[in-house]
Structures are given as structure tokens and as C-alpha cells.
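# Summary of structural features
Residue-level listing of the chains:
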Amino acid sequence: MMEIRWVLATLAVFYCRSGLCQSNVTTDANTASPETATPLEAPTPTNATQVNTTPMSAVQSTSPLVAQQNNVTTTNVVAINTTKGSATTTLSTTLSAAITTSTNDDIATVSITPTSPPEHFLIFVDKKTAFFGLVSQGVIESGRILTGKEADAIGGPFTSVVSGQFLSEFWALAFDYRKNLVYYTNYNYNYLGVYNTKERSHKIVMSRMSYGIDGMAVDWLTGNLYWIDTDKNWIIVSEPSFTHYFPMQRINSKVPAKITVDAVGRMLYWSEVATDGCRIFRSDLGGNDKVLLHVFLDVTFIHDIKFDPNEKRLYWSETERTTNTGKIRSCLAANLNNITTIFTEANARFWGIASYENLLYLTDRENKRLTVVDKQTQEVLKRTRPVASSDPRSMIVFGPRNQPIPANHSHPCHNHPCSQICLPTPTSFHQCACAVGFVLSGDGVSCTNGHVTDNFLLVYDSPHKKIFQISLDNPNNVSTVPVKNPGLIFSVAYDDVYGLIYYSDSEKETISRARLDGTNQEIFMHGVSAHAVSIDKVSRNLYYADSKIDAIMVTSLELANMSRALHLNNIFKTFEMHVDNVLGKIFWSDWGGESTDGSAVGRIESANLDGTDRKILSESNEEPHGLAVDSANNMLYWTEVLQGNIRWLNLQTGQTGEYNVGLAQHPRRKVNQLTGIALHGTTLYITDQLHPSVYRLSTEDVINGVSPAGAVTKFGPDVFFSLTGVEVAKKQNLAATKCSYNRGGCPQICLPTMHSFTCACANHYVPVNGTCARQHETDEQPPTFGQTCLPSIQYVSLEPCQSTYKFNYTVPNATDNSGVVKLRPPRHQPPPYDLKPGGNFFEYRAEDLSGNVATCTFNVFVYKTVCRGLPAGSFGQTSCDMLYGSEVKARCRYNTSITITYKCSALGQWEIKGFNICPNSLPSTTVPPSVHTDPPKTDFTSLESMTTKKRRSDGTSGGVIALIVLLVLGIVGVTAFFAYRYRHKLPHIRNVIWKNGDDRIYLAPNEAMDDGWPSSNVYTAT
């Protein structure tokens, strides 16, 4: 009951603060009305004697839940009571238990539900209430940002505000009080999220950008968010909508680096960690006038840094290098050289700081606890450990006091004319800034992109929905292709004939096109999830891989929404595609196939431009991605994502090679993500999703496998975030084909061949009298396998000494009246397959473009024959266990110097091999011969009975064997007795012979097995 009360009371805070409930506050005769803070002015700091001692005695709520209650519950939620002589510090309030069940989440894996006591704290404070929360590492359970309340300060309990996915790890925190926003980063899932405390909703505003974010801070007067990234080594600023952001200040720091904002003074402070110590810097909010304030050679880490706008004082936490002592130190903004020590504790790591009036709240990761310290007396007022597995980190105080707005305030960025980002300066002026790919025009207000029309790279950042152009002549000239409302950009191709860029959007399932300046934007293909696109510039066709139907498709650039499937079978995860007009080929990389042993296979494949002559060029267990073709030298290059390698293949000789690029692995994830590759002349350009630059290297170095110093160099600025691909755009003089003009006279699609062309109709169209007519009638006829499907049941036996059976057959062939059918095999690799004993089920599924389905199914039962027991006098190991074909040697009974060889026959009997027999005796065995065959594994689980387990003999005498038999019979008798007692005591499970949770195995009577199989050793499971 107590747990329910604190959950309800805590959620009442959010419910009533959001304006969804109205409260009538009444006071007792002995109490005064609580003091409230205006939104435009910070509350006046109180002295150490009292913060707020006035509780609410009753609250009436319009919450539907509370309205159903007979009584209104009031609870003291937060209080700190510390007696120091005659001085007492108290912080308390009372809230009603109001609650709603809002789950308005933009993150599917985030829930807003109460959870168990939290792990580390986030602090929310305003004048009337103070309630605490937490950021959870979530390594074992789920990560959370929590809020909590209790009459005794920070002892718990807590309520979840953000519950992340399994293994979530929340790291950095910042807030904008007047917009009711809390910003947070999820390290493991690599996103920056925002939680609206009023609407109780979540939103991911930056995906794949939080691995290196150690700290965040908000300029609450403009709404700009600053974060410091030790992966990219930048301080980055974004305007409130996150549409525009840019790296504004270069840093050089290890983990952690922290940042804080003085919005009123318009200054930025941050810390950096180096090998020889730590540093604190300052600049204005535009990154100008950078100043090194302090260097601490005796400090290992500065874990957090916060600016108190009311005191105009900077606080930071540090760890001494030699003693591992945790310290909190501070200095005034007006006197930065006068550093004072606020608090010191041995063997402590104060990871988070929050300042509120005369109190400092600290998170201690070393001791896994939270500490409250009085700034003036430096005494510890409270220590608590939320839960045993807590790992407290970032901490903030959410409330108006820590984000004051000066009286008669006029801000230079209010109603600013900047087209993208406004940054206030320490004077009464502002400066405009532009995102990556834009430049500030001469008016100092608008942002433009100066794109070029030839000889450039197209690089794209899929997670952040960006396409950039980098001039090959001037790599510092970076321009954004400003397409409107993009989704997840997966692939890009450029048509230099008309100057159009084509890009696939797997989120919106479209292929769109636009000019480089963003004009003439239109959707070219609907309802496709193209992971790869490439253009045949000569024959005017677009090729793409559609992951919705796992097919290689082709369409004419002159006709929208009309495409034809070239290949439907054995297409799994196509990442990249390349058209080479000189070779007349399309190449694609594919990942997701399956080898004969079940492991994943990556392939590089090719086909003619009309889809014929499909070939597998390379097959490995790596994950191929980007492709580049050097048609002049018949060379093919591709990237391997996780290994960080470039592989190459000579298309004439078949010679292959591998080159390790040597890019530094991600400092935290310890991996590479080498994605894109493109060729220009003899230079290869590559992108790694975890690196902020484009890199280049020569084909000669790659083929020779040498890595001289400086072989791999950066190309252009390192201002990108997650580059997923690169494309070279350069006009070429290529010979025309018969498809180059007016589609070669074809009504829809013209496909070039080696010396001519062929006309093709799009899917759902059929050729009629030289044209393509749409199939108006609904196609309800499914595909057919004809006579190619195998018999429904087949029986085979294992070959001698084999544990699996190699089963080979001709793959069933499906046809359809539409002429297009997709065949889904039961396994990715073609036969033969190694089948295990028992039942093996196969299903081939054929589907046409209208969704009609036909199946071909068959079962292959594999028999396994074993011999029971061992021949008398046998010694040593059998050649292949007890399987059919196994051999074992035995000594003759009357002449042990003579040995003979027994062999397990197909009938499950030990037979003498050859013509040798023991003198004066016949061969004997310890047990009568019999055949044991494993039953088919169909809809039940077969258990090997005790009688089929391997038994070996080392010449044990008959008396010993008899003794063993008597012991076994005794055990069986005792077991039967207790089983009889047990089944009468629990009749509802009397036939259970094995149970695990809700899973049970029942003994089935022989007569229940009517399928013709021996049932003496068969059990059924339900």
C-alpha cells in the first residue's frame, strides 16, 4: 500500500503541473500559504535557517482517478531536516495523489510507468515542490530517467519518467524549464531524446549521435542546446527545433568532457581531460574568444561542471591524481583565479553536481550514493543509496531558480532575422550561423549553399537525413542538397544528363529526385523500399533493390512508377548496387544468405543489364557493403563493414586481395563501420559511419597491400556525423546504345543487350500487339510447381559411420500465368543438405506479383541404425560409436591371444568381419542383437530411453554383472513404489515423467502410437 501511495503522489506532480488538474489550496490556522515563484524572476534565495516549511493541508483535484476516491490523500514528498545547533534546514511540501495513464510516446520502447527504486538521480526543484529523479545505467535491467519523492530528502521512493530498452544507458542531461523539456542521451541506443514534463511525451530528436556526448547545457533565453562530443571532438550547437545544428568549437579531450551555460552573461564554460591533466575553458555562446582559464596537472578527471546563475559562480567536481580524492571546487565568474574548495571526500568520484540555493547535490559513482552538502558549512546533510546496483551520474535541478530571466530583459535573439541559428554575443548584439553544408551570405543573415554541377562527391548521412556535395577540386567546398522532408535516405545516384539526384527513402518507401539546389523535387517511385539505387546513364534506366519483395528491379527514367523484376530469387539484404556501362553489367552486394552449415554469407553478384548471366563473384562470411568498379582495368572493389577492410577482385583473372584501411576503431564500441566506396581515376574514396570525414587512398596501394605512412588521408572537413555512402559524379562521354533515345521504341522499358536490346513490360503489364497492356482482370490463379515437386514423404538411411545424410535433389520449379514468380526456398543455400536423423521438413513457397501463393512441401525421414551392447571380449574403442558400420576388436574366450573384428551391420547386429572365428567356440554377445532406429522428429520431442544409451564392457565378470542387475532392479522397485504413491497423491499429473515450468513430458501408451513406428522408446511432449 505504501508503494502505491508514493507512485500516485509522484505522478500527481506531473499531472497537476501540466495544468490538467486544478487545485484549491486551503490552509490550517497554524500555517501560512506557500510561497510561489513567478516565471520571469528567480525566487529570492533564503538563508540556511529555512527554505520552505509550509505544507498544504488539503488539495482538491479534478483528476478522474482522484474523483473516484472517497478521501484525498496528502503526502509530504521531499524534506531535508538537519539540526546544526539552533539552525534547521527544511524543504518540504504536500501533494495530492492524482494520476493519469498517459502513454504518449514517440519512442516505441519507452514506457511511462512506475518502476522499482531507481539507480541514479536527476533532481527537479521549483519553489513549492522539490522532487528527485534518476538516470539509470540499465546494464542489467532497463535504463530510466526517474523522479522520486519522500519526506526525508533523497531516500526514495522513485517513479519512472523515462524507461528505456533493455541495456539502455542514459548519460547526459539538460533542461529547459519554461518549455517543460528535459534532454537526455541514451548511450547504448545512440540517440538524443527529449521528454516533455507537461505533456509527458517523448521524442527522439537526434539518432546515432550520442555515443560521444558527455555533457549538455541549454541556453534557456534562446532555447539553443549545446553538447560536447568526445568522439567527434566538437562542441555542437543546435537551435530548438534541431533542424539546423553545426560544430562551433573544436576540442581535444578524452572522456569525460562537460559543458555548462551562463545564459544571462552569454558565456560558455567547458572542461577537457588530457593525459597530463585537466583544463577549463571559456568562450562566448558563438564559440568566439576562447580562453583557457585553468590547468590542473594534479587532477585525473573533471567529472562535471555547472554554473549557478544566481550566485554567478562556477562549480566543478574533480578527482585528484595521486590520492583518488573527490573534490568540489568553485570560483566566481568575476574572479576566476580565486578558487575555493567546497567539499572533499576520500575515495569518491562525484560524477554529477546540482546547485540549489545553499545546497549542493552530488552523485558519487565510486560509492554508488547521493550526497547533499551545505555550501556554507561544508557539512554533509544527507547520504543515501537508491538501490544496491545504482550507478549515479548526471544530475540537474529542474526549476525556475536555476534558469532565471532578468527583469526588463531584452534579448538580441528574440525576433531575430537569422535564417537558421542565432547566437547571442556578450554585447547587445547577435551573430547568425549556418549548419554544415551552408555558408553565411554577405547580408550576415541568410544561409546559402554554393553547389557545383560537375566533378564532385555525393555523400549521405542516412540517420540524420542529409545529403552533401563535396567538390573534388575544392574539398573544403561542402554544400547541402536541401531536399524537403526526407526520411531515412538509404542510397543516392546522380544523373549527369539532366542534373538530377535520385535518392531512396526506406522510411517513406519512395524513390525521389530533385536538382542539386533542391528544386524540382518529386516522388519518382511509390511503395518501394530501395536499399540500393544506380543509374544506367546511357540507356536511361534506373536499377534498384527492393527490400519489400527482395528483388532486383529496373525502370525507365522516363516513366514513373513502372518497374520490372529482373531477379526475385536468392536476394536477401542488398546494400549497394553499381551499373557499369563499359562492361554492360550491374553489380550488387548482398548479405543474409546462408551457407551449408547455416552461417551467414555475404555475396558480390553480377548480371547483364537485361538480367541475364547472373553470377556469384565472391562469397564469404564477411558483410560486404559499398561497391566500386574500375572497368578500364577490370577491377572490382568493395568494403567489409565490421572488419574495416577493402577487398578487391580482378574480373579477368579471378585474383583477389584484401587491404586493411587502418582507420581507428570507435573509442567506445571498438569496431569499424566501413560503408561507402567510390572510384575516381586511380583514387578510392571511402566513408566510415563512425568517422566524421571522407577518406581517400590509391588503388595501387590497395592492390599491392602496402600501408605507407599517409596512405589513407582525410578528404574535406571532418564535420560530418554518420556518413553511410559516397558516390562520384563526373560527366563521361560514353557510346550510345539502341535504348538511349526514346527507349529504343519500346513502350515501357528498353533493356540493352550485348549487340542489341529487348523490350520489357512493367510488372502487371503484358505485351499486346507491340505495346504493354495492363492486366485489368484480377489475377486469382496461383503459381504451379507442376511435376517438379518431390514426393511428400521420403525415407533414407544413414551411410556407414555417418551421423548425417547428404540429401541432394533438383529444386522444384514454379511457373505462373503472369510470367513472374518469386520462389522462397526453405534454406538460402541450394542443395545438397546434410540432414540429421529423424524428420526433416521442406517447404518451397511460390508467390506471384498479385499475392497468389503455392507451396511445395515434403518430409525426408532419416533412419539411424545402432547396435546395442558390445560383443563379449571386446576391448578398445569402437570406430564410430555404436553406429551402423562401426567396428570393434574382441579377444577369443578360450584363446585370448587371438583377436577378431566385429562390425555393426545394417540390421543392428554385431557380425564377425571376414572369415576368422574363435577356436572351439561360436561368437557370442552380451545382449541379443536388435535394431534401434530414431523416430522421425515431427510434432513431438523424442527422448532417448535409458535402454539406448551407450553401454561399454571391459570384460566384467558375470557375477559383477548380476550384482549390477540386482541393484538396478532394486532401484526400479523403490522408484515404482514412490511413483505409485506420488501418482495417487497428485492424480492430475500421474503420467508426467519430466516437468520444467509449464513444459511437461507424458508417457504415451504403445497403442497411442498408430503411425507404424516402434513406440517402446518413444515419448510425447506437450
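Everything numeric in this text was worked out from a predicted model, so none of it was measured.

## Considering the overall build of the chain
- Along the backbone of the chain there are four helices and 77 strands.
- For the chain, long-range pairs separated by at least 24 residues make up 51% of all intrachain contacts whose partners lie at least 6 apart in sequence.
- Of the roughly 45700 Å² of accessible surface on the chain, a fraction of 50% belongs to carbon and sulfur atoms.

## Here's the deal with the state of the cysteines
- Summed over the entire model, instances satisfying the criterion amount to ten disulfides.
- Cys 789 shares a disulfide with Cys 856; S-S distance 1.9 Å. Here the S-S torsion is close to 90 degrees, and the disulfide linking Cys 789 with Cys 856 is therefore right-handed. Pair noted here: Cys 789 is in the loop between β61 (771-774) and β62 (793-797) and Cys 856 is in strand β67 (residues 853-863), with a separation of 67 residues, a long-range link.
- Given the relative accessible area of 1%, Cys 856 is considered buried.

## So, empty space enclosed by the protein
- Following the criterion strictly, the structure yields seven cavities of 30 Å³ or more and no others.
- By volume, the largest cavity is sized at about 290 Å³.
- Along its surface, the largest cavity is lined by 21 residues, and Phe 175, Thr 260, Lys 306, Phe 307 and Asn 402 are the ones closest to its centre.
- For the lining of the largest cavity, the elements supplying multiple residues, two or more each, are β9 (170-176), β13 (213-219), β17 (259-262), β21 (299-308) and β25 (350-356).
- Tallied by class, the residues present in the lining of the largest cavity amount to 15 nonpolar, four polar and two charged.

## Let's talk about the packing of aromatic side chains
- The final tally for this structure, using the stated rule, is 28 aromatic pairs.
- Note on Trp 171 and Tyr 187: the rings are 6.0 Å apart at their centroids and 40 degrees apart in plane angle, and the pair reads as tilted. Of this pair, Trp 171 sits in strand β9 while Tyr 187 sits in the loop between β10 (181-186) and β11 (191-196); the two residues are 16 residues apart in sequence, bridging distant segments of the chain.
- Seen in terms of ring centroids, Tyr 184 and Tyr 191 are 6.4 Å apart; in terms of plane orientation they differ by 75 degrees. Their pairing is edge-to-face.
- Assessed through its relative accessible area of 3%, Tyr 191 is described here as buried.
- Taken together through their ring pairs, the aromatic side chains of Phe 807, Tyr 809, Tyr 833, Phe 842, Tyr 844 and Phe 858 make up a single cluster.
- The ring of Trp 351 carries Arg 365 above its face, with NZ or CZ at 4.7 Å from the centroid.
- The ring centre of Phe 875 lies 4.0 Å from the NZ or CZ of Arg 891, which sits over that ring.

## A look at unusual backbone geometry
- Following Val 255, the chain continues to Pro 256 via a peptide bond in cis, the omega torsion being 0 degrees.
- For the peptide bond that leads from Pro 831 to Pro 832, omega is 15 degrees, which places it in the cis range.
- With phi around 65 degrees, Phe 242 is a residue other than glycine that occupies positive phi space.
- Mapped onto the secondary structure, Phe 242 falls in the loop between β15 (234-238) and β16 (245-250).
- In this model, Asn 520 sits at a positive phi of 55 degrees, which is unusual for a non-glycine residue.
- Among the structural elements, Asn 520 can be located in the loop between β39 (510-515) and β40 (522-526).

## Some details on the pattern of salt bridges
- For the structure shown, the criterion picks out 27 salt bridges.
- Arg 329 is paired through a salt bridge with Glu 318; the nearest N and O atoms lie 3.1 Å apart. Linking Arg 329 in strand β23 (residues 326-332) with Glu 318 in strand β22 (residues 313-320), this pair joins segments that are eleven residues apart in sequence.
- Under the relative-accessibility criterion, Glu 318 is labelled buried at 2%.
- A salt bridge links Arg 647 to Glu 640, with the nearest nitrogen and oxygen atoms 3.5 Å apart. Just as Arg 647 is buried, Glu 640 falls in that class too.
- The network of salt bridges with common partners includes Glu 345, Asp 364, Arg 369 and Arg 383.

## Remarks on the nonpolar core
- Counting residues in each nonpolar core, the largest one holds 37 residues, and the members touching the most others are Tyr 183, Leu 192, Met 216, Leu 225, Trp 227 and Leu 457.
- Excluding its chain neighbours within four sequence positions, the residues that come into contact with Trp 227 are Leu 192, Met 206, Met 209, Ile 213, Gly 215, Met 216, Trp 234, Ile 235, Ile 236, Ser 238 and Phe 242.
- Judged by nonpolar contacts, the second largest core, of 22 residues, contains Trp 270, Ile 405, Ile 421 and Ala 433.

## Remarks on the layout of surface pockets
- Of the voids in this model, the largest pocket is the one considered here, and its volume is about 1100 Å³.
- Lining the largest pocket we find 42 residues, and of these Ser 207, Ser 462, Pro 463, His 464 and Lys 465 sit closest to its centre.
- Listing elements by their share of the lining of the largest pocket, those giving two or more residues are β12 (201-207), β35 (466-471) and β45 (574-580).
- A total of five residues in the lining of the largest pocket trace back to one element, the largest contributor, which is β12.
- For the lining of the largest pocket, the per-class residue count stands at 20 nonpolar, 15 polar and seven charged.
- Volume-wise, the second largest pocket comes out at about 720 Å³.
- Lining the second largest pocket we find 30 residues, and of these His 578, Asp 580, Val 629, Leu 679 and Gln 732 sit closest to its centre.
- For the lining of the second largest pocket, the secondary structure elements donating two or more residues are β37 (489-495), β41 (530-536), β45, β49 (624-630), β53 (674-680) and β57 (725-729).

## Focus: the sheet that holds β25
- Strand order in the open sheet formed by four strands is β25-β26-β27-β28, and the pairing between neighbours is antiparallel. If you trace the sheet from one side to the other, it starts and ends with β25 and β28 (380-384), each paired once. Each neighbouring strand pair of the sheet contributes to a mean axis angle of 15 degrees, computed without reference to strand direction.
- Looking at chain direction, β25 and strand β26 (residues 359-364) are connected through six bridges and run antiparallel. Along β26, the bridge assignment pairs Ala 354 with Tyr 361.

## Quick look at the side chain of Arg 329
- The class of Arg 329 is buried, set by a relative accessible area of 14%.
- At 3.1 Å, the side chain of Arg 329 and the side chain of Glu 318 are in polar contact.
- Residue contacts for Arg 329: discarding those within four places in its chain leaves Phe 296, Leu 314, Tyr 315, Trp 316, Glu 318, Ile 339, Thr 340, Thr 341 and Ile 342.

## So, the sheet that holds strand β54 (residues 683-688)
- Across the sheet, four strands lie side by side as β53-β54-β55-β56; this open sheet has antiparallel pairing. On the outer flanks of this sheet lie β53 and β56 (713-715), each paired with one strand and no other. Strand-to-strand twist in this sheet, taken as the mean axis angle between neighbours without regard to direction, amounts to 35 degrees.
- Pairing analysis gives three bridges linking strand β55 (residues 694-698) to β56, with the strands arranged antiparallel.

## Things to note about the environment of Ser 707
- Along the polypeptide, Ser 707 turns up in the loop between α3 (699-704) and β56.
- Ser 707 sits 46 residues away from Val 661 along the chain, and the two C-alpha atoms are 8.0 Å apart.
- Other than its neighbours up to four places away in sequence, Ser 707 contacts Tyr 659 and Asn 660.

## What to know about the pairing of strand β71 (residues 887-891)
- Where burial is concerned, the two faces of β71 differ: the one with Val 888 and Ala 890 is buried and the one with Glu 887, Lys 889 and Arg 891 is not.
- Sheet topology places strand β69 (residues 874-875) next to β71; two bridges connect them, and they run antiparallel. Of the residues in β71, the one forming a bridge with Phe 875 is Lys 889.
- The pairing of β71 with strand β72 (residues 899-904) spans five bridges and is classified as antiparallel.

## Quick look at the environment of Phe 456
- Among the structural elements, Phe 456 can be located in strand β34 (residues 456-461).
- Under the relative-accessibility criterion, Phe 456 is labelled buried at 0%.
- Sequence separation between Phe 456 and Leu 472 is 16 residues, and the spatial gap between their C-alpha atoms is 4.8 Å.
- With residues up to four places along the chain from it excluded, the contact list for Phe 456 reads Gln 469, Ile 470, Ser 471, Leu 472, Tyr 494, Leu 516, Glu 727, Val 728 and Ala 729.

## Description of the confidence of the model for the chain
- Per-residue confidence for the chain gives a mean pLDDT of 76, with 73% of residues at or over 70.
- In this model, residues 1-122 is a region of pLDDT below 50 whose contacts with residues beyond four sequence positions or in other chains number 304 contacts.
- Low confidence marks residues 124-155, where pLDDT is under 50. Its contacts with residues over four positions away, or in another chain, come to 180 contacts.

Rules used throughout
Residues numbered from 1 in each chain as written. Predicted model: local features only at pLDDT ≥ 70, side-chain atom pairs only at ≥ 80, totals over all residues. Heavy atoms only, no water. Helix = DSSP H or I, 4+ residues; strand = E, 2+ residues; numbered from the N terminus. Contact = heavy atoms within 4.5 Å. Areas by Shrake-Rupley, 256 points an atom, 1.4 Å probe, with all protein chains shown as cover. Disulfide = S-S within 2.5 Å. Buried < 20%, exposed > 50% of the residue type's maximum accessible area, 1.4 Å probe, protein only. 1 Å grid on protein atoms, 1.4 Å probe; cavity = no way out; pocket = protein on both sides within 12 Å on 5 of 7 lines; lining within 4 Å. Points joined across faces, edges and corners; volume = space filled by probe spheres on them. Nonpolar A, V, L, I, M, F, W, Y, C, P; charged D, E, K, R; others polar. Phe/Tyr/Trp six-rings, centres within 6.5 Å; stacked < 30°, edge-to-face > 60°. Lys NZ or Arg CZ within 6 Å of the ring centre and 35° of its normal. Salt bridge = Lys/Arg side-chain N within 4 Å of Asp/Glu carboxyl O. Core = buried A, V, L, I, M, F, W, Y, C linked by side-chain atoms within 4.5 Å. Pairing = 2+ DSSP bridges. Axes fitted to C-alpha atoms, helices over the stretch in contact; angles between N-to-C directions. Polar contact = N/O pair within 3.5 Å; in protein donor to acceptor, adjacent residues only side chain to side chain. pLDDT = per-residue confidence, 0-100.

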